[in-house]
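What follows is each chain in one-letter form.
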Amino acid sequence: MLQLQVIRQNPGFVKERLAIKNFKDIQLVDEIIGLDDQRKKLQNESDTIQSKINAASKEIGQLMAKGQKEEAEKKKQEVAELKSSLQPAADELNGTEKKLQDLLILLPNLPSDKVPPGKTPADNVVVREGGIKPQLPGDAVPHWELIKKYDIVDFETGAKITGSGFPLYKGKGAKLQRALVQHFLDFNTKAGYTEYLPPLMVNETSARGTGQLPDKEGQMYFMPADNYYMIPTSEVPLTNIYRDEIVKETDLPIKMTGFSPCFRREAGSFGADVRGLNRVHQFDKVEIVQIVQPDKSYTAHEEMVSHVEQLLQTLGLPYRILALCGGDMSFASALTYDFEVFSAAQQKWLEVSSVSNFETFQTNRMKIRFKDGKGKMQLAHSLNGSSLALPRIVACILENNQSTDGIKLPPVLHSYFGDVMIS
RNA sequence: GGUGAGGUGGAUGAGUGGCUGAAAUCAACGGUUUGCUAAACCGUCGUACGUCCUUAAAGAUGUACCGAGGGUUCGAAUCCCUCCCUCACCGCCA
């Protein structure tokens, strides 16, 4: 959520930035300022009345103590009158505050000035590429065929147990998941991230905190009996660890990593994109999250990008890093870099990570703050990134490393996997 | 699921209707002392939203907040109701 203070101080700037994000309801900015003006006025009114009531109540107490009953009764009448005039003012104030909040939560985060202009994924900018695209033999096949050949993921049975998009990993396929997760977590903890294993369901407050609600309501699985949401990413529980906390400045940066399955309804997506492991409803992911001082968030962001890049390099996969344009960024993000790996048999770039700086957008909702050197309360900045999402990594490893002998695994996985290839 | 006890400021913890935004202790911060460290002593030490003042900072002042939401009362941390959470015991169970 944007800070009201920022909107008030520079509404023109806010509108300009929102436009870069393709945000349509720019007039909300003026509506919000209008409502806030009204809110202030109403608060002033009701505070004044309340103040009189409080003063009169105090006097009643004193009069009673002195035994001046009639005087006290008179005062009570006064208070009764004040109260009847307070009621409508208080109601109006509450209504206005609620309306203000309702509008405020509709505004997406402002893109930072580093965000490239543009409206669609075609406008994203390739920052750099790495790794080498393999030259595959003519009979190379996409991963969904390799999966069948080596019997390592069973989509049909997954669909039988649950529904489509719930893969059943089997044998070496299951073990490869475990090996990857272990490698990713080790890599992250070595870089100073504290490991967590979070709850897989969150309450509504948590989902609002990171910005999944109200924006992505339909993308999460919901458990109505208990009002819980299945997490679409461990970013949600991890960042919410610090919700409503005032942290010590010396504790920053806070660096967290966590593994979790992720659940996404992916409502509305269909077509060639969903073949094999390209898009599924449940997948495993290791996430990194940082909470940092505002003036350090962009350095931290670069550091996280470089961290994920190095992790990707340990797998030897061809990759590229994209700076997302204003129109393609997520609701809550101020700057996002996407990582894609090149899946050679499909001849396709697949997104495997997204590293974002949210500045104060999430921390304002969650009230994650710290006291700076001058003793002033400040919102921290939050960032997160995948490191990494598994299915597409697996797809890419399978396709790019296929040979007549089997799938050659990257050396870094050998000890975790207990073998050098899948055959 | 049942029964019982609880949820107070960074922490511990006092507070059963007005003098309590909240004792005390610890932690933290500033200072004095000291050859250094420690100790001792003095001081500061909640958040949010308004208003006034100010270039700003600071300051003054109002309101709200003692798990959440309602209620009783002139007045609620304190009494009542509902919900949430924590702990203990029982039941069930990986």
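Residues numbered from 1 in each chain as written. Chains lettered and ligands numbered in written order. Predicted model: local features only at pLDDT ≥ 70, side-chain atom pairs only at ≥ 80, totals over all residues. Heavy atoms only, no water.

### Notes on the nonpolar core
Next up, step 1: Core analysis: the biggest nonpolar cluster contains 56 residues, and L180, V341, L388, I393 and I422 have the highest contact counts within it.
Next up, step 2: Among all residues touching L180, those that are not within four sequence positions of it are L315, L390, I393, V394, I397 and L413.
Next up, step 3: F23, V29, L35 and L107 belong to the second largest nonpolar core, which has 20 residues in total. (Core = buried A, V, L, I, M, F, W, Y, C linked by side-chain atoms within 4.5 Å. Buried < 20%, exposed > 50% of the residue type's maximum accessible area, 1.4 Å probe, protein only. Contact = heavy atoms within 4.5 Å.)

### Details of the sheet that holds strand β7 (residues 228-230)
Next up, step 1: Ordered in space as β5-β7-β6, the three strands form an open sheet in which the pairing is antiparallel. The outermost strands of the open sheet, each flanked by one partner alone, are β5 (201-202) and β6 (222-223).
Next up, step 2: The pairing of β5 with β7 spans two bridges and is classified as antiparallel. Along β7, the bridge assignment pairs M201 with M230. (Pairing = 2+ DSSP bridges. Helix = DSSP H or I, 4+ residues; strand = E, 2+ residues; numbered from the N terminus.)

### Some words on the protein's contact with RNA strand B
Next up, step 1: What surrounds RNA strand B is a group of 17 residues, the closest being R39, Q43, S57, K83 and K371.
Next up, step 2: In this structure, a sugar or linking oxygen belonging to RNA strand B sits 2.3 Å away from a side-chain N or O atom of Q43.
Next up, step 3: The contact in question runs from a sugar or linking oxygen of RNA strand B to an N or O atom on the side chain of S51, over 3.3 Å.
Next up, step 4: Broken down by secondary-structure element, the contributors of at least two residues to the surface near RNA strand B are α3 (28-66), α4 (69-104) and β14 (369-371).
Next up, step 5: In terms of residue count, the dominant contributor to the surface near RNA strand B is α3 (eleven residues). (Near = heavy atom within 4 Å. Polar contact = N/O pair within 3.5 Å; in protein donor to acceptor, adjacent residues only side chain to side chain.)

### Here's the deal with the sheet that holds strand β4 (residues 194-196)
Next up, step 1: Spatially, the eight strands line up as an open sheet ordered β1-β11-β12-β13-β16-β10-β9-β4, and their pairing is mixed. Each end of this open sheet is capped by a strand with a single partner; those strands are β1 (125-130) and β4. Taken pair by pair, the neighbouring strands of this sheet meet at an average axis angle of 25 degrees, ignoring direction.
Next up, step 2: With seven bridges joining them, strand β10 (residues 282-292) and strand β16 (residues 381-389) adopt antiparallel strand pairing. (Axes fitted to C-alpha atoms, helices over the stretch in contact; angles between N-to-C directions.)

### Digging into α3
Next up, step 1: Given a rise of 1.5 Å per residue, 39 residues ought to cover 57 Å, and the 56 Å separating the end C-alpha atoms of α3 matches this to within 8%.
Next up, step 2: One or two positions beyond α3, positive phi appears at G67, with a value near 80 degrees. (Expected span 1.5 Å × (residues − 1).)

### Focus: the domain arrangement of chain A
Next up, step 1: As assigned here, chain A comprises domain 1 (4-104) and domain 2 (121-422).
Next up, step 2: Taken over C-alpha atoms, the centre of domain 1 sits 44 Å from the centre of domain 2. (Domains from an automatic or database assignment.)

### Quick word on the pattern of salt bridges
Next up, step 1: Applying the stated criterion to the full structure yields 16 salt bridges.
Next up, step 2: Of the charged contacts in the structure, one is a salt bridge between R39 and D36, with a shortest N-O distance of 2.0 Å. With R39 and D36 both in helix α3 and three residues apart, this pair spans about one turn of that helix.
Next up, step 3: For D36, a relative accessible area of 2% puts it in the buried group. (Salt bridge = Lys/Arg side-chain N within 4 Å of Asp/Glu carboxyl O.)

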